[in-house]
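Reading the structure
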Amino acid sequence: MGRLFMKLMKTLFASVLVWAFLLSSAQAQEFEPNYDESKVPDYELPDPLTFSDGSKVNTPSEWEKRRKEILRLFENYVYGKMPGKPENLTFEERKNIPDALDGLATLKEIRIHVKQNSQKHHFDLLLFIPNKPKKPVPVFLGLNFDGNQSVHPDKNITITDSWLRNDEDCKIYNHKATKDSRGCSRTRWPVERILDRGYALATIYYGEIDPDFDDGYQNGVHPLFDEQYLDTSRGNNCASIGAWAWGLSRGADYLEQDPAIDNEKMAVLGHSRLGKTALWAGATDQRFDLVISNCSGCGGAALSRRQFGETVGRINSSFPHWFCENFKKYNQNEEELPVDQHMLMALMAPRPVIAASAKQDQWADPKGEFLSVKHAAPVYKLLGKKGLPVEEMPVINRPVYNTTGYVIRNGGHDLNNYNWEVYLDFADHHFDYNRLLNQD
Ligand code: GCU
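The following refers to the structure shown. (Residues numbered from 1 in each chain as written. Predicted model: local features only at pLDDT ≥ 70, side-chain atom pairs only at ≥ 80, totals over all residues. Heavy atoms only, no water.)

Quick look at the state of the cysteines
Evaluated as defined, the whole model comprises one disulfide. Of the cysteine sulfurs around Cys238, a residue in no disulfide, the closest is that of Cys324, at 9.6 Å. When its relative accessible area of 0% is taken as the criterion, Cys324 is described as buried. (Disulfide = S-S within 2.5 Å. Buried < 20%, exposed > 50% of the residue type's maximum accessible area, 1.4 Å probe, protein only.)

A look at the pairing of strand β12 (residues 404-409)
The element β12 is extensively covered by neighbouring structure, given that six of its six residues are classed as buried. Alignment of strand β10 (residues 353-358) against β12, held across six bridges, turns out to be parallel. In the strand pairing of β12, Ser357 is matched with Ile408. Where strand β11 (residues 400-401) lies against β12, two bridges are found, and the strand directions are antiparallel. When the sheet's bridge partners are listed, Val400 is paired in β12 with Tyr406. (Helix = DSSP H or I, 4+ residues; strand = E, 2+ residues; numbered from the N terminus. Pairing = 2+ DSSP bridges.)

A look at the pattern of salt bridges
The tally for this structure, following the rule as stated, stands at 26 salt bridges. Where Arg72 meets Glu75, a salt bridge forms, and the shortest distance between an N and an O atom there is 3.0 Å. Taken together, the residues span about one helical turn, with Arg72 and Glu75 both in helix α2 (residues 60-79) at a distance of three residues. In this structure, Lys108 engages Asp258 in a salt bridge whose closest nitrogen and oxygen atoms are separated by 2.9 Å. Of this pair, Lys108 sits in strand β2 (residues 105-116) while Asp258 is found in the loop between α5 (240-255) and β8 (261-271), placing the two residues 150 residues apart along the sequence. Overall, Lys108 belongs to the buried group, its relative accessible area being 10%. In this structure, a network of salt bridges that share partners links the residues Arg193, Arg197, Glu421, Asp425 and Asp428. (Salt bridge = Lys/Arg side-chain N within 4 Å of Asp/Glu carboxyl O.)

Digging into the sheet that holds β8
Here we have 10 strands laid out as an open sheet, ordered β1-β2-β3-β7-β4-β8-β9-β10-β12-β11, and mixed in their pairing. The open sheet has two edge strands with one neighbour each: β1 (88-100) and β11. Bridge count for strand β4 (residues 137-144) against strand β7 (residues 200-205) is six bridges, and the pairing is parallel. Among the inter-strand pairings, Asn144 is bridged to a residue of β7, identified as Tyr205. Most of the contacts of helix α6 (residues 273-284) go to β8, to which it runs at about 145°, and overall it touches β4, β8, β9 (290-294) and β10. Set on the sheet, helix α11 (residues 417-431) makes contact with β4, β7, β8, β9, β10, β11 and β12; between it and β9 the angle comes to about 165°. (Contact = heavy atoms within 4.5 Å. Axes fitted to C-alpha atoms, helices over the stretch in contact; angles between N-to-C directions.)

Description of the site of the ligand
Within the structure, the ligand sits among Ser272, Arg273, Lys276, Glu310, Ile315, Phe319, Trp322, Trp363 and His413. Within the side chain of Ser272, a nitrogen or oxygen atom sits 2.7 Å from an oxygen atom of the ligand. Trp363 places a side-chain nitrogen or oxygen 3.0 Å from an oxygen atom of the ligand. Coverage of the ligand by the protein amounts to 81% of the 320 Å² it exposes when considered alone. (Near = heavy atom within 4 Å. Polar contact = N/O pair within 3.5 Å; in protein donor to acceptor, adjacent residues only side chain to side chain. Areas by Shrake-Rupley, 256 points an atom, 1.4 Å probe, with all protein chains shown as cover.)

Topic: the packing of aromatic side chains
Under the definition given, this model contains 22 aromatic pairs. Seen from their ring centres, Phe370 and Tyr406 are 5.3 Å apart, and the 75° between their planes marks the pair as edge-to-face. Taken together, the residues Phe370 in helix α9 (residues 366-374) and Tyr406 in strand β12 connect sequence positions 36 residues apart. Taken together, Phe140, Trp189, Tyr199, Trp420, Tyr423 and Tyr433 form an aromatic cluster joined through their ring pairs. Sitting over the ring of Trp246, Arg250 keeps its end group 4.9 Å from the ring centre. (Phe/Tyr/Trp six-rings, centres within 6.5 Å; stacked < 30°, edge-to-face > 60°. Lys NZ or Arg CZ within 6 Å of the ring centre and 35° of its normal.)

Digging into the pairing of β1
Bridge analysis of β1 against β2 gives 10 bridges, and the strand direction is antiparallel. When the sheet's bridge partners are listed, Glu92 is paired in β2 with Arg111. With antiparallel pairing between neighbouring strands as the criterion, β1 and β2 make up a hairpin whose turn holds four residues, including Leu101 at a positive phi of roughly 50°.

With respect to the packing of α2 against α6
Across the interface, α2 lies against α6 with an axial gap of 11 Å and an inter-helix angle of 145°. In the crossing of α2 with α6, the sense of the turn from one axis to the other is left-handed. Contacts between α2 and α6 pair Arg67, Leu71, Phe74, Glu75 and Tyr79 from the former with Trp280, Ala283 and Thr284 from the latter. Among the residues forming the contact of α2 with α6, the class breakdown is five nonpolar, one polar and two charged. (Left-handed = near helix turned anticlockwise from the far one by under 90°. Nonpolar A, V, L, I, M, F, W, Y, C, P; charged D, E, K, R; others polar.)

Given below as structure tokens:
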């Protein structure tokens, strides 16, 4: 009897495995990204300047109301609702090295402690401040993928002890950073160049805010949030992108009170999933004076309705923890979305925003990224600012901008020196940044 039962159980288990395998490979086969412009479906974008009740936005003060409405739509249907500043937030300066990088910069490490609902958590902000300007400087704040130590090989930088994705190139094994991971993503962070141009650079390892895997929102900062932000049955739960963006705002809380920083010139930037995050942070936190999206693609700068490259259905099945539960209702159903990503761009208005694509990064839909910047223009115009200076996508390596900007460069999905040169120029232009570096 016992043996027969075991046999039965084994057969059952084996067939469950076979079915699971068949199902998952069928699903994997099912998704064929579309890279053919002629197969992009016809679509109609929701109008950022029409309220949900059909009435029109005609004045800047009406836009303020519509802005709130759009923000609610993104909270309820895409990224989820984030809590505000926590009850208890403290900054612990753990390092302050005034002559770092051969005297070029002051290197600081700030541990950001958050306490709420009898839980606590912390994450580290690494900050380089150029020593040359004798006045508060503008800053770029961006999350990094592989730990603060990956940004620059300087041995003063603390190696993260948080969970990381394994990465042979970055020498990350068993989900832990090794000392060989120092500087492994330095091509994405030209620290000396940024400092030379008179800017500070601040970065946080995104996994210290919330580790990037689907754990039912049990780890990272999530346990500090009130139940309403976690309850997936409400549909608008604060998922991982929301938590990372919340972390960026805590970074801004620190930066705005550091006397070395010009807190009216704070730029937020991010690449890829962290570009989606930078956009959401820019939309929800207007202390970010300038917003940069680098190859952010689906759920970032790219229009969802185009279904070109990565789609809503695909991103929600590969990364079920990035967006709120309600976003899943739009899998293979983009035309029903109450928003599209041009409205996210419009939420930055009247602040400068730029999106960058890469020619070989078709997965992120460069044209869709261009179009969302383009279709945010009416909002900028209403607020007395200019959108893009062009109607059609520019050629490779030719940045185009007024208050909103776009650039497509050669190469693949990455953040590189070329991108930084564009962002530094864009920031110089908008911050009217007279670099008195040689005149002090
Ligand atoms: C995947 C994902 C993208 C994301 C990218 C990244 O490619 O499909 O949406 O932008 O990872 O973050 O590196």
